[in-house]
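Observations on the model geometry
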Amino acid sequence: MNLKFVIALGAVVFAGTVLAPTTEVHAESARVPLIRLYNARTTAHFYTTSLDEATAASKAGFNIEGEMGYIYATQTVDSVPLYRLYNRSWKRHFYTTNAAELAAVTRSGFALEGIMGYVYLYANDASPTQVYRLFNKRTKNHFYTTNSYERDYAVSHGYVLEGSLGGRLFNSNAATA
């Protein structure tokens, strides 16, 4: 089931799709790419699983940087939701797999946009790629990367490493990756 939502980025509004929570748990699920975009004017990164949403965001000033990896489209055994939130005052997104953190950031002004997909919390043969989460207090930007060189570069330029997103990405969309 898809949940439609609207995101406001400055004066430009674009619509996208995220997956709604489900109580069904599947043994295997289709994998979808996690696309990373960057807006040089606002210094914000944006992450989506929707090519239509990525295209709309690119028309609103974001550059598509590419695919970070893959996540499940629906919940599978031992996977957890990857939540996407938005803070209208900061005009910034936040991503987490932690339900307690979700509740805390919701109380601090972020609104839940939905579940982007599902990830494993811990590395296994299928999903070995850790996602690092960094924060720049001055710009109020969170930055997520799987690349240790990008992580280290961001730290040397004012970002603080907050740890892991709490979920692992797949290196491919193949079921036997």
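This next bit is on the nonpolar core. Counting residues in hydrophobic clusters, the biggest one holds 37 residues, and the most contacted among them are L37, Y47, M68, L85, Y95, M116 and Y144. Ranked by residues supplied to this core, first place goes to strand 8 (residues 111-120) with five residues. Setting aside anything within four residues of it in sequence, one finds L85 in contact with R92, H93, F94, T96, L102, V105, T106, F110, A111, L112 and E113.

This part is about empty space enclosed by the protein. Under the criterion given, the structure shown has two cavities of 30 Å³ or more. Space inside the largest cavity adds up to approximately 80 Å³. In terms of lining, the largest cavity is formed by eleven residues, of which the most central are A44, H45, K91, R92 and H93. For the lining of the largest cavity, the secondary-structure elements that each account for two or more residues are strand 4 (44-48), strand 7 (92-96) and strand 10 (141-145). Counting residues per element, the lining of the largest cavity draws most heavily on strand 4, at three residues.

What follows is about the packing of aromatic side chains. On inspection of all chains with the given rule, the structure shows eight aromatic pairs. Relative to F62, the ring of F46 has its centre 5.9 Å away and its plane inclined at 55°; by these criteria the two rings are tilted. You can see F46 sitting in strand 4 and its partner F62 sitting in the loop between helix 1 (51-59) and strand 5 (63-72), a full 16 residues away along the chain. Take F46 and F62: they sit in the same class, and that class is buried. Here Y47 and Y144 contribute two aromatic rings whose centre-to-centre distance is 5.3 Å and whose plane-to-plane angle is 85°, an arrangement assigned as edge-to-face. With Y47 in strand 4 and Y144 in strand 10, this residue pair connects regions lying 97 residues apart in the sequence.

In terms of burial, strand 10 is a largely internal element, five of the five residues being buried. The alternating pattern of strand 10 places N141, F143 and T145 on one face and H142 and Y144 on the opposite face, and all of these are buried. When strand 9 (residues 129-136) meets strand 10, the two strands line up antiparallel, connected through five bridges. Residue F135 lies in a different strand from strand 10, and its bridge partner there is H142.

Next up on the list: the confidence of the model for the protein. The pLDDT averaged across the protein works out to 81; a share of 78% of its residues lies at or above 70. The spread of mean pLDDT over the elements of the protein runs between strand 1 (residues 2-9), the lowest at 32, and helix 1, the highest at 96. Throughout residues 1-23 the model reports pLDDT below 50, and contacts reaching past four residues in sequence, or to other chains, amount to 60 contacts.

By the N-cap criterion, in which a side-chain oxygen at the helix start approaches the backbone nitrogen of a residue two or three places on, helix 3 (residues 148-156) is capped by N147, the distance to Y149 being 2.7 Å. Once helix 3 ends, the next one or two residues include G158, with phi positive near 100°.

Moving on, we get to the side chain of T145. Relative to the elements of secondary structure, T145 occurs in strand 10. Here E150 takes part through its side chain, which lies 2.4 Å from a polar atom of the side chain of T145. Discounting chain neighbours no more than four positions away, the residues touching T145 are R36, M68, Q130, V131, Y132, L134, E150 and R151.

On to the pattern of salt bridges. Considering all chains together, one arrives at seven salt bridges under this definition. Linking E150 and R36 is a salt bridge whose minimum nitrogen-to-oxygen distance equals 2.8 Å. Of the two residues, E150 sits in helix 3 while R36 sits in strand 3 (residues 31-39), which places them 114 residues apart along the sequence. For R36, a relative accessible area of 10% translates into the label buried. Residue E162 is joined to R133 by a salt bridge in which the shortest nitrogen-to-oxygen separation is 2.7 Å.

The rules behind these values
Residues numbered from 1 in each chain as written. Predicted model: local features only at pLDDT ≥ 70, side-chain atom pairs only at ≥ 80, totals over all residues. Heavy atoms only, no water. Core = buried A, V, L, I, M, F, W, Y, C linked by side-chain atoms within 4.5 Å. Buried < 20%, exposed > 50% of the residue type's maximum accessible area, 1.4 Å probe, protein only. Helix = DSSP H or I, 4+ residues; strand = E, 2+ residues; numbered from the N terminus. Contact = heavy atoms within 4.5 Å. 1 Å grid on protein atoms, 1.4 Å probe; cavity = no way out; pocket = protein on both sides within 12 Å on 5 of 7 lines; lining within 4 Å. Points joined across faces, edges and corners; volume = space filled by probe spheres on them. Phe/Tyr/Trp six-rings, centres within 6.5 Å; stacked < 30°, edge-to-face > 60°. Pairing = 2+ DSSP bridges. pLDDT = per-residue confidence, 0-100. Polar contact = N/O pair within 3.5 Å; in protein donor to acceptor, adjacent residues only side chain to side chain. Salt bridge = Lys/Arg side-chain N within 4 Å of Asp/Glu carboxyl O.

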